[in-house]
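# Analysis of the macromolecular model
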Amino acid sequence: MRTQVGIVGAGPAGLLLSHLLHLHGIASVVIEARSRDYIEHRVRAGVLEQGTVDTLREAGLGTRLDAQGLRHEGIELRFDGEGHRVPMTELTGRAITVYGQQEIIKDLVARRLDEGGDIRFEVSDVRVDGVSGAAPTITFGHDGRRETLECDFVAGCDGSHGISRDSAPAGALEVFEREYPFAWLGILAEAAPAVDELIYCLHASGFALYSMRSPTISRLYLQVSLDEDIEKWPDERIWDELAMRFALAGSDWSPTSGPIIDKGVTPMRSFVTEPMQAGRLFLAGDAAHIVPPTGAKGLNLAVNDVRLLARAFDAWYARGDDALLASYTHDALRRVWRVQHFSWWMTQMLHRFPGDDEYGHRVQVAQLRNVVESPSYATALSENYVG
Ligand SMILES: Cc1cc2nc3c(=O)[nH]c(=O)nc-3n(C[C@H](O)[C@H](O)[C@H](O)COP(=O)(O)OP(=O)(O)OC[C@H]3O[C@@H](n4cnc5c(N)ncnc54)[C@H](O)[C@@H]3O)c2cc1C
């Protein structure tokens, strides 16, 4: 088998790259470890920056997004039992759209397959070789056979636990990372959201986030300890803890509860790989960098990477111009590090760290109060949030 760009991983990065390349007339094959059904129902991110929505619309992927996406023009910061709205659109002219990552995956898979795209699901034992030369290969098991895909380039879009990063020559890549001493317990509930916009909440017991995926599905998170045992969180305890952290002074407001259809604990981590390329291997999305979800940026960064990468491959195939491929890392990292800072800033402002005392909590409240009272701070937060 031969293709122009071999893509490892059918997450948002790999599938969107394949679609954008197709629009430029460049062939690709996507190989994916999981089944189509699994990736189309894997619940992850859901907050799209304006630029992400624009990219998807320009690529002809806006139909369901426009019909089902929820446009939000602000967020609430809640602390000390008070809610404060940050009017992001008023401050920046831009907005976010809430649309589940699994819906983007469904749109992309359907579109690629309708247009004759080649996606191999449920592959195993993937290897990427020869990225230092002009003819890299991807070998993998599929349908009981061992296949070899010869490519001009390999795009490593296989997430943070993928194998692409390790295919770079030894010593070619450096990793910068930070682990946070807590995790998020996330639930998906069949419950109409009690709010129209996301709430980011600081409470003495820890952070909580109120978000939604549709007018009937809520997505809520609680800060928990790193080694938290999900078995110790029956549904009733989760709803009680959410009600306690989101409580408003002088009001009996609380989240609308309903059947919990999914729950899990996600550790919080940041890492950045530099450079994001080695020879003919280019890394994009979570394969190259991770942020804690507090800034809602992981998916948006993945989209930005592949937008740059598609443009660079187009320049190479259309004009033999390798300047954009050569500057891919430089071009992508500017935004990656901006987002690393924003995600770290939101995380440290809104979480209770082990060993924090009342002094630390009061400093966090003072910081939040400054953000909601100072137009400059509120604008800076909004600019970063909407992207
Ligand atoms: C549990 C969870 C919750 C999250 N919540 C949020 C959130 O609320 N907000 C937010 O902004 N971000 C969130 N994120 C981050 C966001 O989902 C990611 O940033 C986004 O999925 C990145 O897309 P990607 O295509 O780079 O990687 P992925 O979506 O991880 O896709 C990589 C793909 O590669 C496949 N793969 C892996 N290894 C191989 C292999 N060896 N061979 C072939 N295929 C392989 C995987 O199965 C996967 O389909 C969350 C992530 C997780 C894990």
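In this report, we go over the structure that sits alongside the text.

Between its first and last C-alpha atoms helix α7 (residues 235-246) spans 17 Å; for twelve residues at 1.5 Å apiece the expected length is 16 Å, and the two agree. Among the residues of α7, those classed as buried are Ile238, Trp239, Glu241, Leu242, Arg245 and Phe246. The buried residues of α7 all sit within an arc of 165 degrees when viewed along its axis, so they share a single face. Looking at the packing, one finds that the buried side of α7 touches β5 (75-79), β13 (174-189), β14 (199-203), β15 (206-214), β16 (217-224) and β17 (260-274).

Another aspect to go through is the nonpolar core. In terms of nonpolar packing, the biggest core is built from 65 residues, with Leu17, Ile138 and Phe313 touching the most fellow members. It is helix α8 (residues 298-319) that provides the largest number of residues to this core, a total of ten residues. Setting aside residues up to four positions removed in sequence, Leu17 forms contacts with Ile7, Ala155, Cys157, Val306, Leu309 and Ala310. One finds Tyr180, Ala189, Leu202 and Val371 within the second-largest nonpolar core, a separate group that totals 51 residues.

Here we come to helix α11 (residues 358-373). For α11, which comprises 16 residues, the first-to-last C-alpha distance of 22 Å matches the rise-based estimate of 22 Å (1.5 Å per residue) to within 8%. All of the buried residues in α11 are Gly360, His361, Gln364, Val365, Leu368 and Val371. Take α11 and look down its axis: the buried residues cluster within an arc of 140 degrees, on one side only. Exposed residues lying more than 90 degrees from the buried face of α11 are Tyr359, Arg362 and Glu373. Here the buried face of α11 lies against β5, β14, α10 (328-350) and α12 (375-386).

Our focus in this paragraph is the site of the ligand. Neighbouring the ligand are 29 residues; Glu32, Arg42, Arg44, Gln101 and Asp286 lie closest to it. Asp286 is positioned with one of its side-chain polar atoms (N or O) 2.7 Å from an oxygen atom of the ligand. Lys297 places a main-chain nitrogen or oxygen 3.2 Å from an oxygen atom of the ligand. Contact with the protein chains removes 84% of the 1000 Å² of surface that the ligand exposes when unbound. Elements represented by at least two residues in the shell around the ligand include exactly α1 (12-23) and α8. Partitioned by chemical class, the residues of the shell around the ligand number 14 nonpolar, eight polar and seven charged.

The rules behind the values
Residues numbered from 1 in each chain as written. Predicted model: local features only at pLDDT ≥ 70, side-chain atom pairs only at ≥ 80, totals over all residues. Heavy atoms only, no water. Helix = DSSP H or I, 4+ residues; strand = E, 2+ residues; numbered from the N terminus. Expected span 1.5 Å × (residues − 1). Buried < 20%, exposed > 50% of the residue type's maximum accessible area, 1.4 Å probe, protein only. Arc of directions from axis to C-beta. Contact = heavy atoms within 4.5 Å. Core = buried A, V, L, I, M, F, W, Y, C linked by side-chain atoms within 4.5 Å. Near = heavy atom within 4 Å. Polar contact = N/O pair within 3.5 Å; in protein donor to acceptor, adjacent residues only side chain to side chain. Areas by Shrake-Rupley, 256 points an atom, 1.4 Å probe, with all protein chains shown as cover. Nonpolar A, V, L, I, M, F, W, Y, C, P; charged D, E, K, R; others polar.

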